[in-house]
Amino acid sequence: MTLLVVDGANVVGSVPDGWWRDRAGAAVRLRERLRPLAADGLPGLPPPLDVVLVVEGKAKGIGAAPEVSVVDAPGSGDDAVVDVVREAAGRSVVVVTADRGLRERVIALGARVLGPRAVR
């Protein structure tokens, strides 16, 4: 099963819809949009998917959903994404982010990368 790791702050921040007024609420909305992906997959990523949303800062504490695990980053969200990818060594991993530095770090660990539009 492919592991889909979503950089929550980057995906939420990719659309200027007022997310900054309620970071936790924006993270919850993203988590809810991700739920169907576990069973439905994405183009080029057949189901089922193991979906992990990484959140940081004021978005922490939103909790998981049955189809989406949530990781509260203890520090940097990027570092937490890298940790999730590193812990998944040997698995097929796809990271959703537009952050260039993070993209380079996870590609170096063998992950594939998709942009935020893949899950919006």
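Refer to the structure above for everything that follows.
The rules behind the values
Residues numbered from 1 in each chain as written. Predicted model: local features only at pLDDT ≥ 70, side-chain atom pairs only at ≥ 80, totals over all residues. Heavy atoms only, no water. Salt bridge = Lys/Arg side-chain N within 4 Å of Asp/Glu carboxyl O. Helix = DSSP H or I, 4+ residues; strand = E, 2+ residues; numbered from the N terminus. Buried < 20%, exposed > 50% of the residue type's maximum accessible area, 1.4 Å probe, protein only. Contact = heavy atoms within 4.5 Å. Pairing = 2+ DSSP bridges. Right-handed = clockwise from strand over helix to strand, strands pointing away.

A. Broad picture of the pattern of salt bridges. Tallied over the entire structure, the rule returns 6 salt bridges. Among the salt bridges present, the one from E32 reaches R35, with a minimum N-O distance of 3.0 Å. Taken together, the residues span about one helical turn, with E32 and R35 both in helix α2 (residues 23–40) at a distance of 3 residues. Under the relative-accessibility criterion, E32 is labelled partly exposed at 33%. Overall, the relative accessible area of 25% leaves R35 in the partly exposed class. Between D83 and R86 there is a salt bridge whose closest N-O contact spans 3.4 Å. Residue D83 and its partner R86 are both found in helix α3 (residues 77–87); the two are separated by 3 residues, about one turn of the helix. When salt bridges that share partners are traced, they join R31, E32, R35 and E67 into one network.

B. Representation of the environment of M1 in the model. Along the chain, M1 falls in the segment before β1 (2–7). On the basis of relative accessible area, M1 is assigned to the exposed category, the value being 61%. Measuring from C-alpha to C-alpha, the distance between M1 and P47 comes to 7.7 Å, with 46 residues separating the pair along the chain. Filtering out sequence-adjacent residues up to four positions away, M1 remains in contact with P48, L49, D50, R91 and S92.

C. Looking closely at the pairing of strand β4 (residues 93–96). Neither face of β4 is open: one carries V93 and V95, the other V94 and V96, and all of them are buried. Where β4 and strand β5 (residues 112–114) come together, 3 bridges link them in parallel fashion. Across the sheet, residue V96 finds its bridge partner in β5, namely L114. Read from β4 through helix α4 (residues 100–108) to β5, the crossover connection turns out right-handed.

Fair warning: the whole summary comes from geometry, so function is off the table for now.
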